[in-house]
Amino acid sequence: MLAAMCGIVGYVGGQPALDVVIAGLKRLEYRGYDSAGVAVQTESDGTLAVDKRAGKLANLEKSLADTPLPGGTTGIGHTRWATHGGPTDANAHPHLDDTAKVAVVHNGIIENFAALRAEIAERGHQLRSETDTEVVAHLLGEEYEGDLAEAMRKVCRRLDGAFTLVAVHADSPGVVVGARRNSPLVVGRGEGENFLASDVAAFIAHTREAVELGQDQVVELRAGSVTVTDFDGAPAEVREYHVDWDASAAEKGGYDYFMLKEIAEQPKAVADTLLGRIGTDGRLTLDEVRIEDRVLRAVDKIVIVACGTAFHAGMIAKYAIEHWTRVPCEVELASEFRYRDPILDQQTLVIAISQSGETMDTLMALRHAREQGAKVLAICNTNGSTIPRESDAVLYTHAGPEVAVASTKAFLTQLVACYLVALYLGQVRGTKWGDEINEVIRQLADAPRQVEEVLGTMEPVRELARSLADAPAVLFLGRHVGYPVALEGALKLKELAYMHAEGFAAGELKHGPIALIEQDLPVVVVVPSPRGRSVLHDKIVSNIQEIRARGARTIVIAEEGDEAVAPYADHLIRIPATPTLLQPLVSTVPLQVFACELATAKGHEVDQPRNLAKSVTVE
Ligand code: F6R
C-alpha cells in the first residue's frame, strides 16, 4: 500500500474560512501534496462552495484566484497524497454526496470500502471518484437527519481501517464535525472560533490551546463550543494542552529549504534533548520514563522497532545498549516485526523510535508487543502523537518540528535519546558506574559544539556534491556504528537525489559488493576513530585500499589527526575526534549536507521529494 499522509484543516468562527483554511493547508502541505481542495459554507445562500485541483496547493490557489468562491466563515480543506485513485481533480478532496450538501475530507484508508461502495451503488448513488472517501460522503448524506455529529457517529461505526474524517453539511451552518481512528486529529481552541487539523502547525498562528482527540472519537465544532463524544455518543475524555512551539519555528527562517534549516538546527536540537537530564544528586534522570526501576532491572531482552532513518538510529542504539548494559538487543524494521511471530514476554523491553509518532508500521509493531505483555518505551519527537500515547513510557526528543521530508535533526536527537536510555539502563542495572555515566554525559554535552564545528566546514563537501551530480551511483561503507551511518547516507541520497545509492558493512565488500566497484565510482567511507578500537580502523584502511586499487574515487570521512587514511583519500572530510560509539552524531552531518546539495544541484525539491510523504500513516 502506498503512503497516505494527508493534511486536513477545518475552521468555524468569524474570519473568512477560506483564508484560514488555505493558510493552514500551506503549513501542512509537507504531509502530502498531489492535490488539494476546499469546501466553504457560503453565507449568501447556505450551499457548499467547493474547489479542488490536482497538483500542488498553488494550483488550487490559482484556480481560486481565477474564480473566487463566495465567502463564508465555516470551511474545510485538504492536501492529499493518493492512496485509492490517482492524483486527479475528481479524486481530490473534499468529496460530496449526490445532493452536494455534504462535503468530507479524509486521511487514511477505509479498508471495507469496496463492500460499502457496492452497497451505495446498489442504492442508486452516483460515484464520481475512485476514492474510498466518497463512500463516506454518501453514507453521511443518507444518515443525516439534522445532526451532523450523530450522522458521523453512525457512519464511523460502519467503517474499518484507519481514518480521520472532517465534514460540513449545508443544512448545519456553523458546524464542522471531525472523527478519528488511528490517524491524527487535533482541535485548536480560539476565542469565538475553533480549528481542526492533522497537526498543530496548521493553526498555531491563531491559537496555542489544543485538544487532542483520542481513538474512536467524534468532535463537533461550533464557533463557541467543542463537543467530543465516542462513536456511540457518550461524552469523551480529552487531553487539553498548550503548544509551545512558536509559529516561526516551523518556517524556513531565512534558509532556502526546511532541510537546510533543520540541518543547521542540529546543535540546538541535540542540546535541547540533553537538557535537564542530570538530577540534583548527580545521577541521570529520565523523569518522563515512567517504567519502574524494578521492571527495568528484570528486562532480559531489548527489541528496537522503527522505520527508515529511525531504524538506522535503532541500529546504532544496539551497539550502545549492548556495550553499556550487556542486555541482548535486537533491532527490527517495524514493518517486518509482527509478521514473524517475535518472541516477547513481560521481560522484553521494546523501544519504538519515531519522529512523527504516527508511523503505522511502528504503531502496529508496538501494539503487537504490548499484546504479548512486553513493555514499550517510545522515543518520539511529536508530543501527544499516537505512538507515545499508546506506549508505557516515552522519552521525547526535543528537535522541534521537522518539516522537510528527509529526516535530519530528528535522527541526531533520536541518537541522543537512545544513548540516554542505554546509560539509564546501565545505571539502574548497575552495569555502569556513576562516573562512567557522567563521563559519557560530558562527551554528549560536547556534541552540539562538535556538530557546529562540522557545519562550519561543509563548503568543500557541497562543492564535491555539486561535482558528482551526474555520477551514476554512490556507495557508502562503514564498520561498527559507521555501518548504520553508511546506510543513512545512502538513504538520504536515494530519497533526495533519486540516484542509486547503497550502504554496506565494509567487511561485506569481499562477499559480493566489491564487484560493483568500477573506474571513478564515488565511494564514501566512514572511518572509525584510530583510538580505542584501532583494529576496526586498520581494517577499514585496508578496505579503502582495496576499492581504490579497483578504481573507486574515495571520499573519506575521518577524524582530525587520523593521518593513516590520508594517502588513500581522493577527498578527505574531517570530523572532530569523538568516542567511537558517539561518532554518528558528527559523521552523519556531512552525509546530510552532501545529499541535500547533490539533490539541489540536480534541480530537485529537497523538502518534498517525489513519491514520499513526511509520515507514513498506513502500512
Ligand atoms: C528518511 C525518513 C523516513 C522516516 C521513516 C520513519 O529521511 O524520514 O525514513 O525516518 O518514515 O518515520 P518516523 O520517524 O516519523 O516514524
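Visitor: How should I be thinking about the sheet that holds strand β16 (residues 329-333) in this particular structure?
Guide: Paired through backbone hydrogen bonds, the strands of a sheet run either parallel or antiparallel to each other. On the basis of which strands lie adjacent, the open sheet formed by five strands has the order β16-β15-β17-β18-β19 and parallel pairing. The sheet is open, and its two edges are formed by β16 and β19 (393-396), each paired on a single side. The sheet shows a mean angle of 20 degrees between the axes of neighbouring strands, taken without regard to direction. Across five bridges, the pairing between strand β15 (residues 301-306) and strand β17 (residues 348-354) is parallel. Within β17, the residue paired with Lys-301 across the bridge is Thr-348.

Visitor: How should I be thinking about the pairing of strand β8 (residues 176-181) in this particular structure?
Guide: Most of β8 is tucked away, with six of its six residues classed as buried. Both faces of β8 are covered, namely the face carrying Val-176, Gly-178 and Arg-180 and the face carrying Val-177, Ala-179 and Arg-181. By the bridge criterion, five bridges tie strand β7 (residues 161-169) to β8 in an arrangement that is antiparallel. Each bridged residue has a counterpart across the sheet, and for Phe-163 the counterpart in β8 is Arg-181. Connecting the antiparallel pair β7 and β8 is a turn made up of six residues, with Gly-174 showing a positive phi of about 70 degrees.

Visitor: Where do I start with the packing of aromatic side chains in this structure?
Guide: For any two aromatic rings, the description comes down to two numbers: the centre-to-centre distance and the angle of the planes. Under the definition given, this model contains four aromatic pairs. For the ring pair Phe-163 and Phe-231, a centre distance of 6.4 Å and an interplane angle of 10 degrees mean the geometry is stacked. Residue Phe-163 is found in strand β7, and its partner Phe-231 is found in the loop between β13 (225-230) and β14 (239-242); the two are separated by 68 residues along the sequence. In this pair, the class of Phe-163 matches that of Phe-231, namely buried. One aromatic cluster in this structure is built from Tyr-11, Phe-195 and Phe-203.

Visitor: Please explain the sheet that holds strand β10 (residues 194-197) as it appears in this structure.
Guide: Ordered in space as β3-β2-β4-β1-β10-β9-β11-β14, the eight strands form an open sheet in which the pairing is antiparallel. The sheet is open, and its two edges are formed by β3 (48-54) and β14, each paired on a single side. On average, each strand axis in the sheet is tilted by 15 degrees relative to the strand beside it, whichever way the strands run. When strand β11 (residues 209-212) meets β14, the two strands line up antiparallel, connected through four bridges. By the bridge assignment for β14, Val-211 is matched with Glu-240. Running at roughly 155 degrees to strand β1 (residues 7-12), helix α1 (residues 17-28) makes contact with β1, β2 (35-41), β4 (74-80) and β10 of the sheet.

Visitor: Looking at this structure, how should I read unusual backbone geometry?
Guide: Cis geometry is adopted by the peptide bond preceding Pro-94, which originates at His-93 and carries an omega value of 0 degrees. Tracing the chain through its elements places Pro-94 in the loop between β4 and β5 (95-96). A positive phi angle is found at Asn-611, which is not glycine, with a value near 65 degrees. Relative to the helices and strands, Asn-611 resides in the segment after α18 (584-601).

Calculation rules
- Residues numbered from 1 in each chain as written.
- Predicted model: local features only at pLDDT ≥ 70, side-chain atom pairs only at ≥ 80, totals over all residues.
- Heavy atoms only, no water.
- Pairing = 2+ DSSP bridges.
- Helix = DSSP H or I, 4+ residues; strand = E, 2+ residues; numbered from the N terminus.
- Axes fitted to C-alpha atoms, helices over the stretch in contact; angles between N-to-C directions.
- Buried < 20%, exposed > 50% of the residue type's maximum accessible area, 1.4 Å probe, protein only.
- Phe/Tyr/Trp six-rings, centres within 6.5 Å; stacked < 30°, edge-to-face > 60°.
- Contact = heavy atoms within 4.5 Å.

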